[in-house]
Amino acid sequence: MPGSTAWNGRHGRRRLEGRISSWAVRATAAAACGALALTACGSTKDSGAAGAKGDGGGKVGVILPLLTSPFWQSYNDYVPKMAKTEGVDALKTVNSNSDPSQQITDITNELNQGVAGLVVAPLDSAAVEAGLDQAERKGVPVVAVDVAPDRGKVAMVVRANNVAYGEKACRYLGAHVTSGKVVQIMGDLASVNGRERSEAFRACVRKNYPRLKVLEIPAKWESDTAASKLDTLLNANPDLKGIYLQAGGVYLAPTLQTLKSKKMLRKAGTAGHIVVVSNDGIPQELDAIRKGEIDATVSQPADAYAKYGMYYIKAALRGKTFQPGPTDHGSTIVKLPNGILEDQLPAPLVTKDNVDDPQLWGNTVR
């Protein structure tokens, strides 16, 4: 089996021979290579993956966290389009169905098929390490999308600044709710996204809006959980003034339905309206803004996630590496505390003032 002593011996000798023959080339290239942001310099250690020939070739597996959210449905639709644009031979996507254990099995299955690279959207920031370690042992580069792993090796994380998500939601609610109770319906705290959005929102309110009282609903990215807990919360807090949805793809519909069932869904600008700020930028959120059902959302770039997931896996297969700094596509590469590089893509706040902007990905899909 891959990972056995015999397998490591054969392929270890091959990698060593390849390295010996390329050391002279690398030494020459290193002298000419600067440490400029987004300059591809040298090769990654694992560039000898099966099927990879230094030209970005080889099959690439793409693993999704779930398909019950309109956001991930859109990402799934973008993947083959962006793979074609970026010249990546992507296999049919695999859905881990919200199960971190299944996601590790999916990674194993893709590796056993001999993929040259993987693009994975982790469900659990810690649990995904087991899959990343398998890929590293086989010399298969991985690009993580949407969620950064706590540990493990990836060539790049393609993600937006999730701290900014929480802060933008806080700032919007703070500007439109002068005092009273607001609730954040949180994501899964096993995910760095859920942790960062929750902590950023909480800290921002505490620092800047002391007259707001933050209530919290841990909902694990589950729509049913969000609906039932919001119903209970509203029974005890009928004077709620604002709601922050950390994932509109799974929380928007149950939130609107719950408010409607309690006769608390009132149009923006009318008495008794509960201010709602969301995250994702799906078409349903944009329509809800137009109708006055919610007030704002942060547009998480599903299209750019797919595009740059493909871009960076192809770069990894070619042996390219990157440095922190501004990119040529309006983002910034940062080094995370665990040493992993993350390309933080732009994620604009959407309100009634810019909801019809044709550049928003949510306005290009239906």
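Calculation criteria
Residues numbered from 1 in each chain as written. Predicted model: local features only at pLDDT ≥ 70, side-chain atom pairs only at ≥ 80, totals over all residues. Heavy atoms only, no water. Helix = DSSP H or I, 4+ residues; strand = E, 2+ residues; numbered from the N terminus. Expected span 1.5 Å × (residues − 1). Buried < 20%, exposed > 50% of the residue type's maximum accessible area, 1.4 Å probe, protein only. Arc of directions from axis to C-beta. Contact = heavy atoms within 4.5 Å. Axes fitted to C-alpha atoms, helices over the stretch in contact; angles between N-to-C directions. Parallel < 35°, antiparallel > 145°, perpendicular 65-115°, else oblique. Left-handed = near helix turned anticlockwise from the far one by under 90°.

A.B. asks: Kindly report on helix α7 (residues 223–236), identifying the contributing residues and their values.
C.D. replies: Over its 14 residues, α7 runs 20 Å from end to end, which matches the ideal 20 Å to within 8%, given 1.5 Å per residue. Within the sequence span of α7, burial applies to Ala226, Leu230, Leu233 and Leu234. Take α7 and look down its axis: the buried residues cluster within an arc of 95°, on one side only. Residues of α7 that are exposed and point more than 90 degrees away from the buried face comprise Asp224, Thr232, Asn235 and Ala236. Those residues of α7 that are buried lie in contact with β7 (180–186), β8 (212–218) and α8 (248–261).

A.B. asks: If you had to explain unusual backbone geometry to someone new, which residues and values would you point to?
C.D. replies: With the exception of glycine, the majority of residues adopt a negative phi angle, and the majority of peptide bonds are in the trans configuration. Even without being a glycine, Ser98 presents a positive backbone phi close to 65°. Within the secondary structure layout, Ser98 lies in the loop between β3 (94–95) and α3 (100–112). On the accessibility criterion, Ser98 (44% relative accessible area) is partly exposed. At Lys220, a residue that is not glycine, the phi angle is positive and equals roughly 55°. Structurally, Lys220 can be placed in the loop between β8 and α7.

A.B. asks: Would you mind going over the packing of helix α2 (residues 70–86) against helix α10 (residues 302–317) in detail, with residue names and values included?
C.D. replies: Running from amino to carboxyl end, α2 crosses α10 at an angle of 40°, the nearest separation of the two axes being 8 Å. Between α2 and α10, the crossing angle belongs to the class labelled oblique. As α2 packs across α10, the resulting crossing turns out to be right-handed. Each of Phe71, Tyr75, Tyr78, Val79, Met82, Ala83 and Glu86 in α2 lies in contact with α10, whose residues at this interface are Ala302, Asp303, Tyr305, Ala306, Lys307, Met310, Tyr311 and Lys314.

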